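Take a look at the letters that make up each chain.
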Amino acid sequence: MTRRHATSDALFQLHRALLEDDHQWPAPRPDHPLVRPEQRVLARQQWARRASATRQSVEQIIGWLAAISLSDAPAAALSPAIFSLDELNRHLYLTLHICEALGASPQEVPEHATSLSPTPEAIFDAGVEIFVFNLTLSRATYLGLSAVSSDNAIIKLCETIERSLTEVIAASRTLLDWLLTTHQRNAARQARARTPSLLFAYERLFDAGPQTLDRLAGQEISVDTEAGNLGTLQPAQLAAIYYHTVDQEIFPWLDHLGLRSDEAWRVHYEVSPSPDASPACAAAVGIDLTAPSH
């Protein structure tokens, strides 16, 4: 095993002290007798993807914050972005904590540009993807994970992240509303054009699509505690979370922002995803690396 230098050890100790904030976070128990071997494998896979996607989300918010700081926005606009970055950095620490307990290694993710033009259109557009899609869907997913898991540590950690995301989303609403009010004429133009492709990309990320929607119609998908579950979701559960969240949270928010959810949904299967765009990323699920994205 390679030993870290003293300066490296000091850095990791400071990192831990800043993010633990006197908490003694509980560790999951993958060795519990009710946990089946296949559940351990699935949990390692899913939590590794979550850690990688959370890292990507942190990088997205860093790029978003940088664009806001370079724009003509007042200093007060930086606070919601800084708060969001701080919270997501803590989520990354917690997902890595779970990965370590499970023996999981986060995936290496290809580099994607996270820098943004410091224009109201680009900042608003990126904010819609990060908060209306990525983190709103992630909050709902963590709510589902805390429901299905039987591991007390994972339940506590998922509930902690879900509560934090609720606060992050509330802060982002204030900032997106301010952007829209201040730049009424142009701010939403880019985001409105991209909303159909975002719906398409995130639907695919959640293992969903037109056939899935037909199969789920009239079915009751259970998201209840499962013995020996280490915070894993089946494809049908993930798809059900997506459609419920889109209907109950994302559509109303898009309409509030003037992004015309009904029009976007009507054409979202007809869009041509841009090969230049970053892949869909939901911190609680993963990153779509399977095909050209939105």
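Residues numbered from 1 in each chain as written. Predicted model: local features only at pLDDT ≥ 70, side-chain atom pairs only at ≥ 80, totals over all residues. Heavy atoms only, no water.

Enquirer: Give a detailed account of helix α4 (residues 120-148), specifying residues and quantitative values.
Expert: In this model α4 runs 40 Å from its N-terminal to its C-terminal C-alpha over 29 residues, within 8% of the 42 Å that 1.5 Å per residue would give. Taken as a whole, α4 carries its principal kink of about 30° at L135. When you tally the buried positions in α4, you get 26 out of 29 residues, the bulk of the element. (Helix = DSSP H or I, 4+ residues; strand = E, 2+ residues; numbered from the N terminus. Expected span 1.5 Å × (residues − 1). Bend = angle between axes of the 7 residues up to and from the residue. Buried < 20%, exposed > 50% of the residue type's maximum accessible area, 1.4 Å probe, protein only.)

Enquirer: Lay out the packing of aromatic side chains in plain terms, naming residues and giving numbers.
Expert: Going through the model one piece at a time under the given rule, you end up with eight aromatic pairs. Between the aromatic rings of F133 and Y202, the centroid separation amounts to 5.5 Å while the plane-to-plane angle is 35°, which identifies the pairing as tilted. Here Y202 lies in helix α6 (residues 189-205) and F133 lies in helix α4, a separation of 69 residues in the sequence. Y202 carries the same exposure label as F133, and that label is buried. Here Y242 and Y243 contribute two aromatic rings whose centre-to-centre distance is 5.2 Å and whose plane-to-plane angle is 75°, an arrangement assigned as edge-to-face. As far as burial versus exposure is concerned, Y242 and Y243 are alike and both buried. Following the ring pairs from residue to residue traces out a cluster consisting of F206, Y242, Y243, F251, W265 and Y269. Against the face of W47 rests R50, its NZ or CZ located 4.4 Å from the ring centre. (Phe/Tyr/Trp six-rings, centres within 6.5 Å; stacked < 30°, edge-to-face > 60°. Lys NZ or Arg CZ within 6 Å of the ring centre and 35° of its normal.)

Enquirer: Hey, could you go over unusual backbone geometry for me, with residue numbers and the actual values?
Expert: Positioned with a positive phi, D207 is a non-glycine residue whose angle comes to about 55°. Relative to the helices and strands, D207 resides in the loop between α6 and α7 (210-216). A residue is classified by how much of its surface remains accessible, and D207, at 46% relative accessible area, is partly exposed. You will see that R260, though not glycine, has its phi angle at about 55°, which is positive. Here R260 is to be found in the loop between α8 (235-256) and α9 (261-267).

Enquirer: Can you explain the packing of helix α2 (residues 37-70) against α4? Please cite residues and give values.
Expert: Packing of α2 against α4 leaves a shortest axis separation of 11 Å and a crossing angle of 150°. As summarised for this structure, α2 and α4 are arranged roughly antiparallel, according to the angle between their axes. Once α2 is placed against α4, the crossing between them reads as left-handed. Only I123, A126, G127, I130, F131, N134, L135, Y142 and L145 of α4 make contact with α2, whose side of the interface consists of W47, R50, S57, Q60, I61, W64, A67 and I68. A class-by-class count of the residues in the contact of α2 with α4 yields 12 nonpolar, four polar and one charged. (Axes fitted to C-alpha atoms, helices over the stretch in contact; angles between N-to-C directions. Parallel < 35°, antiparallel > 145°, perpendicular 65-115°, else oblique. Left-handed = near helix turned anticlockwise from the far one by under 90°. Contact = heavy atoms within 4.5 Å. Nonpolar A, V, L, I, M, F, W, Y, C, P; charged D, E, K, R; others polar.)

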